There are 2 protein chains.
Amino acid sequence: MPDAASTQIVFLLFPGITQLDFTAPAQALSRMPGAKLAAAAASLDPIATDSGFSLVATHDFDTCPLADIVCVPGGHGVVDALGDAATIAFLKRQAASAQWVTSVCTGAFLLGRAGLLAGKRATTHWAYTHLLPLVGAEPAPGRVVEDGRVVTSGGVTSGLDFALTLIARLKGDAVAQAIQLAIEYDPAPPFAGGHPDRAPAAVTEGLKARVYDAAAARMAAALGG
Amino acid sequence: MPDAASTQIVFLLFPGITQLDFTAPAQALSRMPGAKLAAAAASLDPIATDSGFSLVATHDFDTCPLADIVCVPGGHGVVDALGDAATIAFLKRQAASAQWVTSVCTGAFLLGRAGLLAGKRATTHWAYTHLLPLVGAEPAPGRVVEDGRVVTSGGVTSGLDFALTLIARLKGDAVAQAIQLAIEYDPAPPFAGGHPDRAPAAVTEGLKARVYDAAAARMAAALGG
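For clarity, every value in this text was computed on a predicted model and none was experimentally measured.

Draft legend 1. The side chain of Gln 94 of chain A, seen in detail. Residue and element names in this part refer to chain A. Following the sequence through the fold, Gln 94 ends up in helix H3 (residues 85-97). A polar atom in the side chain of Gln 94 sits 3.0 Å from the backbone oxygen of Pro 65. In this structure Gln 94 touches Val 10, Cys 64, Pro 65, Leu 66, Ala 67 and Val 70, once residues within four positions along its chain are discounted.

Written out as structure tokens, the structure reads:
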């Protein structure tokens, strides 16, 4: 892909989106030379995110340009979106011609429902990786997992690592490094425990009991598992 | 601050905002127990961000509740916002009663214009730290800098480290760890160069020549420097 070419990036938006699944990779990808960003939703009405504010799509499903890179964020709203025929049809249509089919967090299950993860190595948010076989995918280690044109990433903040990885692939290391430097992505998380492998067991178990055991059960039910 | 108490968080929105300066800390802070998030702007019309999509404020300046935590994001739009009397008056009014006065990236200069950084140790995006004395602040090392109730953070993605640090301060380490785990903040940036101290010199110099030398000059002019 020559530097001068434009790259059409299409994100899917839906109510109940975990907004950082979209906003973090959008921040990096929108700075890629030639990037054109679209955020597609069923309508152009404001979309309630999980964080107490709303986003506005740039296109509805009918008017959205076809993607070079299609990216599906996650969030608790995925459970409802899995049952929305227009959303799934939109993803199938976009993926038919996209060079890259990608997801952040539980967006992987929307790709899966659209038949795009069958036989693919993939990842998702740590609390849902065991459900990937319900869409025919094989859980694979890593924060960003590539299998051919399909790139999936782990929970929420992994979208930033995903985006920079993809930019390096498309435009070279120097472009990705410049974007990483522009957004001062020199992370210094206050704790080591951003993944269950490193979090205190009590923190992980408490979070599962309060949130993710039930959330994963709802996802499994929506997937017919 | 007891766990049961609500915490009113107020973010400032403005055209040309670097959206991740807002969306990253909003993702973490909105999950803090008792958090109420407001995103205030001059009006409730969609606000164009730097990333090709729009956000919608939850309140205008007149109806926004008073903050316990006020947070000012940055972006190229800061230059115009510095000259907007309503924006600066809003920040002064909010800060008068806030327990925490905070910024991400070049949002620091809006705090400064409102008189809130005089004599304070502070930070901002790496390309602008040398301008902090123009608002009476003393540049300090670190990705998150605390000076009394004033907490400033570095460029863009530092807002996540800022938010988790503040959550740990307000609600304890276990709460912050659970939120960090929920958003799987276990960063694995593809390059080491997220800060000029670690980026290849050619990447830093190229980025300054293309973007930040001119941008910092515009900021300095807007600050009367």
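The discussion continues.
Draft legend 2. View of the UniProt feature "domain: DJ-1/PfpI" (unreviewed entry) in chain A. In the numbering used here, UniProt assigns the feature "domain: DJ-1/PfpI" (unreviewed entry) to residues 8-168 of chain A. The span residues 8-168 of chain A shows a helical share of 29% and a strand share of 25%, and its end C-alpha atoms are spaced 16 Å apart.

Draft legend 3. Up close: the environment of Ala 89 of chain B. Residues and elements named next belong to chain B. Tracing the chain through its elements places Ala 89 in helix H3 (residues 85-97). Assessed through its relative accessible area of 35%, Ala 89 is described here as partly exposed. Along the chain, Ala 89 and Ala 114 lie 25 residues apart, while their C-alpha atoms are 7.4 Å from each other.

Draft legend 4. Quick peek at the sheet that holds strand S7 (residues 100-104) of chain A. Residue and element names in this part refer to chain A. With mixed pairing, the 7 strands of this open sheet are ordered in space as S5-S2-S1-S6-S7-S11-S10. Because the sheet does not close on itself, it has two edges, and the strands there are strand S5 (59-60) and strand S10 (144-147). The pairing of strand S2 (residues 35-41) with S5 spans 2 bridges and is parallel. The partner of Ala 41 across the bridge, within S5, is Asp 60. The strands touched by H3 within the sheet are strand S1 (7-12), S2, strand S6 (69-72) and S7, with S1 carrying the most contacts at an inclination of about 160°.

Draft legend 5. Up close: the relation of the copies chain A and chain B. Aligned on chain B, chain A shows an RMSD of 0.0 Å; the corresponding rotation is 180° and the shift along the axis is 0.0 Å. The two molecules are tied by a two-fold rotation axis, judged by turn and shift. Relative to the rotation axis, the closest C-alpha in chain A is found at Leu 55 of chain A, a distance of 2.4 Å. The overlap is high: 100% of the interface residues of chain A also sit at the interface in chain B, so the same surface is used on both sides.

Draft legend 6. Representation of the packing of aromatic side chains. Residues and elements named next belong to chain A. For the coordinates displayed, the defined rule picks out 12 aromatic pairs over all chains. Plain terms: the ring middles of Phe 61 and Phe 90 are 4.5 Å apart, the flat faces sit at 20° to each other, and that makes the pair stacked. Remark: Phe 90 occurs in helix H3 and Phe 61 occurs in the loop between S5 and S6; sequence separation between them is 29 residues. When its relative accessible area of 1% is taken as the criterion, Phe 90 is described as buried. Among the aromatic side chains, those forming a connected cluster through ring pairs are Phe 109, Trp 126, Tyr 128 and Tyr 212.

Draft legend 7. Structural view of the interface of chain A and chain B. Listed per partner, the contact involves 62 residues of chain A and 62 residues of chain B. When the area that chain A buries against chain B is broken down by residue, the three leading residues are Leu 181, Glu 184 and Phe 191 of chain A, summing to 16%. Between the two partners, chain A and chain B, sit 4 salt bridges. The shortest N-O distance in the salt bridge between Asp 50 of chain A and Arg 31 of chain B comes to 3.2 Å. Summed over the shared surface of chain A and chain B, the number is 39 residue pairs in polar contact (both at pLDDT 80 or more). Of all the secondary structure elements, the ones that give two or more residues to the side of chain A that touches chain B are helix H1 (19-29), strand S4 (54-56), helix H5 (158-171), helix H6 (173-182) and helix H7 (201-222) of chain A. In terms of residue class, the side of chain A that touches chain B is made up of 32 nonpolar, 21 polar and 9 charged.

Parameters and conventions
- Residues numbered from 1 in each chain as written.
- Chains lettered and ligands numbered in written order.
- Predicted model: local features only at pLDDT ≥ 70, side-chain atom pairs only at ≥ 80, totals over all residues.
- Heavy atoms only, no water.
- Helix = DSSP H or I, 4+ residues; strand = E, 2+ residues; numbered from the N terminus.
- Polar contact = N/O pair within 3.5 Å; in protein donor to acceptor, adjacent residues only side chain to side chain.
- Contact = heavy atoms within 4.5 Å.
- UniProt positions renumbered as here; feature names shortened; annotations may be inferred.
- Buried < 20%, exposed > 50% of the residue type's maximum accessible area, 1.4 Å probe, protein only.
- Pairing = 2+ DSSP bridges.
- Axes fitted to C-alpha atoms, helices over the stretch in contact; angles between N-to-C directions.
- Least-squares fit on C-alpha atoms with pLDDT ≥ 70 in both.
- Phe/Tyr/Trp six-rings, centres within 6.5 Å; stacked < 30°, edge-to-face > 60°.
- Buried area = accessible area lost by both parts, 1.4 Å probe.
- Salt bridge = Lys/Arg side-chain N within 4 Å of Asp/Glu carboxyl O.
- Nonpolar A, V, L, I, M, F, W, Y, C, P; charged D, E, K, R; others polar.

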